[in-house]
Amino acid sequence: LPSLFILIAPPAVGFIAYMRLENELDAFARVLYFFGLFLTMLLFSQFGRFAKLTFGLPWWAYSFPLSAITIASFVMYEKSHVVAYQWIASGLLVLLTVLVTLLVVLTLRAVFRNDVCKPGH
């Protein structure tokens, strides 16, 4: 289940790249963005399962897809000027900030416990 989180990145990054190339919010751009947003909401609905996992350095892989959909949401707001996208992007940015802070704290705790880069982790 955690490995599914990476599926958010391709449509989100694709949307960002497409918007830089075409600079027009057309149907294809919307499909890319909304597919990434759908996957994000789908995986957030599984938060209880993620919370039960023990921490490991691979958890840092969650930050990239969440960063990608956050940036895509800001780009969507920039191109559409629909305030709802600004709220989505801002909420995702807060969530991303909390996630990265949590990852830093958990990583530092693992380092101080000498629990990093051990076999079986």
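Quick note: structure is the one above.
Residues numbered from 1 in each chain as written. Predicted model: local features only at pLDDT ≥ 70, side-chain atom pairs only at ≥ 80, totals over all residues. Heavy atoms only, no water.

Draft legend 1. Structural view of the packing of aromatic side chains. Per the counting criterion, the structure on display carries nine aromatic pairs. Both rings, one in Phe-5 and one in Tyr-62, keep their centres 5.1 Å apart while their planes meet at 80°; by these two values the pair is edge-to-face. Separated by 57 residues along the polypeptide, Phe-5 in the segment before helix H1 (9-22) and Tyr-62 in the loop between helix H3 (47-51) and helix H4 (63-80) bring together distant segments of the chain. With respect to burial, Phe-5 and Tyr-62 carry one shared label: buried. Plain terms: the ring middles of Tyr-33 and Phe-34 are 5.4 Å apart, the flat faces sit at 65° to each other, and that makes the pair edge-to-face. The exposure class of Phe-34 is partly exposed, given its relative accessible area of 36%. (Phe/Tyr/Trp six-rings, centres within 6.5 Å; stacked < 30°, edge-to-face > 60°. Helix = DSSP H or I, 4+ residues; strand = E, 2+ residues; numbered from the N terminus. Buried < 20%, exposed > 50% of the residue type's maximum accessible area, 1.4 Å probe, protein only.)

Draft legend 2. Spotlight on the packing of H4 against helix H5 (residues 83-112). Here H4 crosses H5 at 160°, and the two axes come no closer than 8 Å. Relative to H5, H4 is oriented roughly antiparallel. Between H4 and H5 the crossing geometry is left-handed. (Axes fitted to C-alpha atoms, helices over the stretch in contact; angles between N-to-C directions. Parallel < 35°, antiparallel > 145°, perpendicular 65-115°, else oblique. Left-handed = near helix turned anticlockwise from the far one by under 90°.)

Draft legend 3. Focus on the side chain of Thr-107. Looking at the secondary structure, you find Thr-107 in helix H5. The residues contacting Thr-107, other than those within four sequence positions of it, are Phe-55, Leu-57, Trp-60 and Val-116. (Contact = heavy atoms within 4.5 Å.)

Draft legend 4. Region of interest: the nonpolar core. Ranked by internal contacts, the top residues of the largest apolar core, which has 29 residues, are Phe-5, Phe-15, Met-19, Tyr-33, Leu-66, Ile-69 and Ala-72. Setting aside anything within four residues of it in sequence, one finds Met-19 in contact with Glu-24, Leu-25, Ala-29, Val-75 and Lys-79. (Core = buried A, V, L, I, M, F, W, Y, C linked by side-chain atoms within 4.5 Å.)

Draft legend 5. Region of interest: a nonpolar patch on the surface. A cluster of nonpolar side chains, namely Leu-4, Ile-6, Leu-7, Val-13 and Phe-64, defines an oily patch on the protein surface of about 420 Å² accessible area. With respect to the helices and strands, the residue Ile-6 is situated in the segment before H1. (Patch = residues over 30% accessible without salt bridge, like charges linked within 9 Å, V, L, I, M, F, W, Y side chains within 5 Å. Areas by Shrake-Rupley, 256 points an atom, 1.4 Å probe, with all protein chains shown as cover. Salt bridge = Lys/Arg side-chain N within 4 Å of Asp/Glu carboxyl O.)

Draft legend 6. Examining unusual backbone geometry more closely. One non-glycine residue, Asn-23, lies in the positive phi region at around 55°. In this fold, Asn-23 is placed in the loop between H1 and helix H2 (27-44). Taking relative accessible area as the criterion, Asn-23 reaches 52% and is therefore assigned exposed. Its identity as a non-glycine residue notwithstanding, Asn-114 has a phi of 55°, on the positive side. Relative to the elements of secondary structure, Asn-114 occurs in the segment after H5. When its relative accessible area of 54% is taken as the criterion, Asn-114 is described as exposed.

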